[in-house]
Amino acid sequence: MVSNVLVAVDGSENSERALDFALNFSEKYDAALTIINVNESSAVAAYPDESMVVVAKDLRKFHEDILEKAMVHAKQAKPNMLVSSSFREGDPALEIAAVVKEGNYDVVVVGHHGVGKVKGLFLGSISEKITRSVSCTVIIVR
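Peer 1: Got a sec to walk through the overall build of the protein? Specific residues and values, please.
Peer 2: The number of helices and strands found in the protein is 5 helices and 5 strands. Written out in order from the N terminus, the α and β elements of the protein read β-α-β-α-β-α-β-α-α-β. Counting the 142 residues in the protein, one finds 45% classified as buried. Partitioning the contacts of the protein with sequence separation of at least 6, the portion at a separation of at least 24 is 75%. For the protein, the accessible area works out to roughly 8000 Å², and carbon and sulfur atoms hold 54% of it.

Laid out in structure tokens, this is it:
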């Protein structure tokens, strides 16, 4: 039985497709949906250089905007669906795995290639890491 679905968004086209898939999937199973975005730029703020702190704040705002845009889309597409959001900072795969364990999710939906880690230097690695680190079903959307 599927009652709790998590979908990761990062602003990429594939994550937008993953969100649409998750919305339809959650509706089909009458499941609650949580949309998560992970800001992996928090390490930038550790540098003492003031300009790096500004960059980190800008990146945080960028990621918060991605999450807000996804929430607006979800509410417009499925106004009667129970949709919540989660914003985390850190390594995307580790944070998503932690949220899965904390929230007892049945299914995780992710895009095949996102825009993390220097715009795709490690294409697919986040979805692969998630697949290896959670015990629930992971759906990778192309």
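Peer 1: Which residues make up the pattern of salt bridges, and what are the values?
Peer 2: Taken as a whole and assessed by the stated rule, the structure comprises 8 salt bridges. With a closest N to O distance of 3.9 Å, Glu13 and Arg17 form a salt bridge. Of this pair, Glu13 and Arg17 are both found in helix 1 (residues 13-28), 4 residues apart, which corresponds to roughly one turn of the helix. Through salt bridges with shared partners, one network takes in Arg60, Glu64 and Glu89.

Peer 1: How would you summarise the side chain of Ser86 if you had to cite specific residues and measurements?
Peer 2: Positionally, Ser86 belongs in strand 3 (residues 83-89). For Ser86, the contacting residues outside a window of four places in its chain are Thr34, Ile35, Ile36, Asn37, Leu67 and Val99.

Peer 1: Can you explain the sheet that holds strand 1 (residues 4-8)? Please cite residues and give values.
Peer 2: Pairing in this open sheet of 5 strands is parallel, and the strands run 3-2-1-4-5 from one edge to the other. At either end of the open sheet lies a strand with only one pairing partner, and these are strand 3 and strand 5 (137-141). For this sheet the average axis-to-axis angle between neighbouring strands, irrespective of direction, equals 20°. Packed onto the sheet, helix 3 (residues 92-103) meets strand 1, strand 2 (32-39), strand 3 and strand 4 (107-111) and runs at close to 135° relative to strand 3.

Peer 1: Any chance you could break down the packing of aromatic side chains for me, citing the residues and the numbers?
Peer 2: Taken as a whole and assessed by the stated rule, the structure comprises 2 aromatic pairs. Both rings, one in Phe21 and one in Phe25, keep their centres 5.8 Å apart while their planes meet at 20°; by these two values the pair is stacked. Of this pair, Phe21 and Phe25 both sit in helix 1, 4 residues apart, which is roughly one turn of that helix. Residue class for Phe21 comes out partly exposed when judged on its relative accessible area of 32%.

Peer 1: Residues and numbers for helix 3, please.
Peer 2: The end-to-end C-alpha distance of helix 3, which contains 12 residues, comes to 16 Å, matching closely the 16 Å that a straight helix rising 1.5 Å per residue would cover. The set of residues buried in helix 3 consists of Pro92, Ala93, Glu95, Ile96, Ala97, Val99 and Val100. Among the structural elements, strand 1, strand 2, strand 3, strand 4 and helix 5 (125-133) are those in contact with the buried residues of helix 3. Where helix 3 starts, the residue carrying a side-chain oxygen 3.2 Å from the main-chain nitrogen of Ala93 turns out to be Asp91.

Peer 1: Can you tell me about the pairing of strand 1, naming the residues and giving the values?
Peer 2: Here is the key point about a regular strand: its side chains alternate between the two faces of the sheet. Of all 5 residues in strand 1, 5 are buried; the element is thus mostly enclosed. The two faces of strand 1 match: Asn4, Leu6 and Ala8 on one face and Val5 and Val7 on the other face are all buried. The sheet contact formed by strand 1 and strand 2 spans 5 bridges and is parallel. Bridged to Ala8 within strand 2 is Ile36. In the classification by handedness, the crossover that spans strand 1, the intervening helix 1 and the parallel strand 2 is right-handed. Bridge count for strand 1 against strand 4 is 3 bridges, and the pairing is parallel.

What counts and what doesn't
Numbering of residues begins from 1 in every chain and follows the order in which that chain's sequence is written. Owing to the predicted nature of the model, reporting of local features is limited to residues with pLDDT of at least 70; listing and counting of side-chain atom pairs is limited to 80 or more, with chain, interface and lining totals taken over all residues. Only hydrogens and water are removed before side-chain values are computed, so all heavy atoms of the structure are retained for them. Only DSSP runs of H or I covering at least 4 residues are called helices, and only runs of E covering at least 2 are called strands; the numbering of each starts at the N terminus. Partly exposed residues are those whose accessible area sits between 20% and 50% of the maximum for their type, while under 20% is buried and over 50% is exposed, using a 1.4 Å probe and protein chains only. It only takes one pair of heavy atoms within 4.5 Å for two residues to be counted as in contact. Here, Shrake-Rupley sampling with a 1.4 Å probe gives the accessible areas, and only protein chains in the shown set may cover a residue. In the sections that follow, a salt bridge refers to a side-chain nitrogen of Lys or Arg positioned within 4 Å of a carboxyl oxygen of Asp or Glu. In this scheme, strands are said to pair when DSSP sees at least two bridges between them. Axis lines are fitted through C-alpha atoms, for helices just across the contact stretch, and the angle between N-to-C directions can take any value from 0 to 180 degrees. Note on aromatic pairs: the rings of Phe, Tyr and Trp (six-membered ring only in Trp) are paired at centre separations within 6.5 Å, and the planes decide the class, stacked below 30 degrees, edge-to-face beyond 60, tilted for the rest. Expected helix span is computed as 1.5 Å times (number of residues minus one). Here a polar contact is taken to be a pair of N or O atoms separated by no more than 3.5 Å, where protein atoms must pair a possible hydrogen donor with a possible acceptor and residues adjacent in sequence count only if both atoms sit in side chains. A crossover gets the label right-handed when its path from the first strand over the helix to the second runs clockwise, viewed with the strands pointing away from the viewer.

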